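Observations on chain architecture
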Amino acid sequence: MTFKDLGLKDSILESISKLGFETPSPIQEQVIPYLLNNESDIVGLAQTGTGKTAAFGLPLIHLAEPTEKYIQSLVLAPTRELCVQIATELKRYSSMLKDIRIVAVYGGEDIRKQLKELDHTPHILVATPGRLIDLKERGKVNLSQIKHLVLDEADEMLNMGFLDDITNILSSTPEDRRTLLFSATMPKEIANIAKRYMKSPIEISVGQRGEAAKNVEHYYVLTKNTHRYEVLKRILDYNPDIYGIVFCRTRQETKDVAEKLMIDGYNADALHGDLSQAQRDAVMNKFRIKHLQILVATDVAARGLDVNDLSHVVHFVLPDDKETYTHRSGRTGRINKSGVSIAIVTPREKMSIKSIEKEIKRTFSQMEIPSGMAVCQRQLMYMVEKMQTVEKNEKLHKFLPDVYEQLKEMDKEEVISRFISLAFNPILEYYQNAPDLNVLVRKEIKENRREAKKLEEEKLSRREMRKGNRKGMIRLKINRGKKDKMDPRRFLGMINEILNDRSIEIGNIDITSKFTFFDFPKVHADKLMKVFNSHPRARGIQLNPVK
Ligand code: AMP
């Protein structure tokens, strides 16, 4: 299928072909013709990176009426970064339709500039919910003629506490508007919004519900908790050209991991909520333009980041909920690009992998932690490949005769091995005696298993004891316990009176609130049963063997 087949205007086709879009992505194939030819609302289950901005953006531009001067389409997004990104994309798609005005308004920026922009009414407004309400209350935006309302990354908007703002905005727009909701996951709050505010929406999803992008490979590495950082370093060293995010669960963990990485010489930095907006912007920009290779981030802080082409996502610790995993791993494996998601887990945490697999309908493969020597080999080959492709610097020419003269006694092999040693000695030294981390975790797993087996055996033997399976004994119970003021002395007194035979030895006695359990010699059990049932002291009390 081509974009032309989808029924878009020629001017739009021209803009997107300039952007290098050749074929529509799956979500575009489904959403675009639906928006152009049908009436009903749409719930789209898709993550960023699937091309969903163009899926709703191209039809909004196609349907915009340049001569009608009111806000025709409103796009709500959770963060200012996403707003800017959407508006930028929409402007690119409409670059051949100059008379369509697209404006973005969002929090965290001087409102006066945005007020000024709104002096000239846009056809398409992209906004964060809070700022939009502010502008609406100042009488600066009129939503009464909105034809299309898009809720983008709806699950993130709810996570950020925008539910009230969204419902406020929804009720300021006309009933007969068309509503499109996009979300990477479908928690029940989203389903509720869809039910309450949308008219029999059709559900379009790229892949299964909550399914992570198809071209992401999911791995986990097993480690001891105390080796997490060491394992992270191995992963990073094994992938020298990595461009990725290391997700942590807390701000402190993020700071610690980033700091250690920086001290250890990695091109890394931290993104978390303790930074000012300006600091966050600076880190995000550095990462965006790839001056930063590794970003260590909390889930919340990474929400504002619109980076599309990560090679790796590393989960320093797995998130508590499966939806967050979907979001994290969805940041890699974008259109036509494969990605890798690696979770660092302890044997105990391995259980969560199973439930994530169920949610995303993909299986994880276990990845061995690369050995020190494997890392060295990989780094060496990376360096050699870089050497092969590096552009020769003309400015060096004039120094070369001196260099040749200096090295004339050495043959090619000697020169290569010395140059490599020069660059490579530090890493080789570091990894020379590095332990095999897989063996260490296997040892721990074995120890855990041994420990668990011991505990299980102890539990079993306690249970056996309670059941009275000791030689010659049977476990019996009566339906009188602590709440009937039963205690061992009263119990023994009662049994002795009923049996009238003090030579019979009674074993362990356990009294719970309703029952008394006791071990009793099997050979005398029938006798006890018989006299018990007819004895006046036992009237109303039931005696039974414990199964
Ligand atoms: P999105 O999911 O909207 O964040 O889009 C992810 C990236 O894919 C953006 O940089 C888009 O410009 C790009 N993109 C969207 N649609 C296509 C397409 N059909 N072909 C190639 N790239 C696309």
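The rules behind these values
- Residues numbered from 1 in each chain as written.
- Predicted model: local features only at pLDDT ≥ 70, side-chain atom pairs only at ≥ 80, totals over all residues.
- Heavy atoms only, no water.
- Near = heavy atom within 4 Å.
- Polar contact = N/O pair within 3.5 Å; in protein donor to acceptor, adjacent residues only side chain to side chain.
- Areas by Shrake-Rupley, 256 points an atom, 1.4 Å probe, with all protein chains shown as cover.
- Helix = DSSP H or I, 4+ residues; strand = E, 2+ residues; numbered from the N terminus.
- Buried < 20%, exposed > 50% of the residue type's maximum accessible area, 1.4 Å probe, protein only.
- Lys, Arg positive; Asp, Glu negative; His and termini not counted.
- Salt bridge = Lys/Arg side-chain N within 4 Å of Asp/Glu carboxyl O.
- Contact = heavy atoms within 4.5 Å.
- Axes fitted to C-alpha atoms, helices over the stretch in contact; angles between N-to-C directions.
- Parallel < 35°, antiparallel > 145°, perpendicular 65-115°, else oblique.
- Left-handed = near helix turned anticlockwise from the far one by under 90°.
- Domains from an automatic or database assignment.
- Core = buried A, V, L, I, M, F, W, Y, C linked by side-chain atoms within 4.5 Å.
- Pairing = 2+ DSSP bridges.

Points about the site of the ligand
Taken together, 16 residues lie around the ligand, and Thr23, Gln28, Gly49, Gly51 and Thr53 are the ones closest in. Side-chain polar atom of Gln28 to a nitrogen atom of the ligand: 2.7 Å apart, as the coordinates give it. A distance of 3.4 Å is found between an oxygen atom of the ligand and a backbone nitrogen or oxygen belonging to Lys52. Considering the ligand on its own, with 500 Å² of exposed area, one finds that the protein chains cover 84% of that surface. The set of elements that each furnish at least two residues to the shell around the ligand consists of helix H3 (52–63) and helix H4 (80–93).

Side note on the side chain of Asp237
By the element assignment, Asp237 lies in helix H10 (residues 228–238). We note that Asp237 is buried and unpaired, the nearest opposite charge coming from Lys233 at a distance of 5.6 Å. Ignoring any residue separated from it by four or fewer positions in sequence, one finds Asp237 in contact with Tyr266, Val375, Gln379 and Tyr431.

What to know about the packing of helix H14 (residues 322–329) against helix H15 (residues 350–360)
Closest axis-to-axis distance for the H14/H15 pair is 10 Å, and the angle between their directions is 70°. The angle between the axes of H14 and H15 places the two elements in the roughly perpendicular class. The element H14 and its partner H15 pack so that their crossing is right-handed. Here Lys322, Tyr325 and Thr326 of H14 come into contact with H15, specifically with Ser355, Ile356, Glu359 and Ile360.

Side note on the domain arrangement of the protein chain
For the protein chain, the domain assignment lists domain 1 (3–205), domain 2 (216–370), domain 3 (373–431) and domain 4 (472–547). On a C-alpha basis, the centroid separation for the pair domain 1 and domain 3 is 53 Å.

A word on the pattern of salt bridges
As enumerated under the stated definition, the model contains 30 salt bridges in all. If you follow the salt bridges from partner to partner, you end up with Lys52, Asp152 and Glu153 in one network.

Comments concerning the nonpolar core
Grouped together as the largest cluster of nonpolar side chains are 40 residues, with contacts concentrated most on Leu58 and Val126. Those elements that provide at least two residues to this core are helix H1 (10–18), helix H2 (26–37), H3, H4, strand S3 (102–105), strand S4 (124–127) and strand S6 (178–183). Excluding residues that lie within four positions of it along the chain, Leu58 makes contacts with Phe3, Leu8, Ile12, Ile16, Ile32, Thr53 and Tyr93. Of all hydrophobic cores here, the second largest spans 34 residues; its members include Ala127, Leu135, Leu151 and Met198.

Remarks on the sheet that holds strand S17 (residues 516–521)
A sheet is described by the order of its strands in space; here 4 strands give the open sequence S16-S17-S15-S18, paired in antiparallel fashion. The strands lining the two open edges of the sheet, one partner per strand, are strand S16 (509–511) and strand S18 (543–545). Averaged over all neighbouring strand pairs, the angle between strand axes comes to 30°, with direction disregarded. In this structure, strand S15 (residues 473–478) lies alongside S17, joined through 6 bridges in antiparallel fashion. By the bridge assignment for S17, Arg475 is matched with Asp519. Strands in contact with helix H20 (residues 488–499) are S15, S16 and S17; relative to S17, the strand with the most contacts, it is inclined by about 45°. Across the sheet, helix H21 (residues 522–534) lies against S15, S17 and S18, angled at about 125° from S17, the strand it touches most.

Some remarks on the environment of Leu305
Along the chain, Leu305 falls in the loop between helix H13 (299–302) and strand S12 (312–315). Considering only alpha carbons, one finds Leu305 and Thr79, 226 residues apart in sequence, at a separation of 8.9 Å. Not counting residues within four places of it along the chain, the set of residues in contact with Leu305 comprises Ile245, Met284, Phe287, Leu295 and Arg331.

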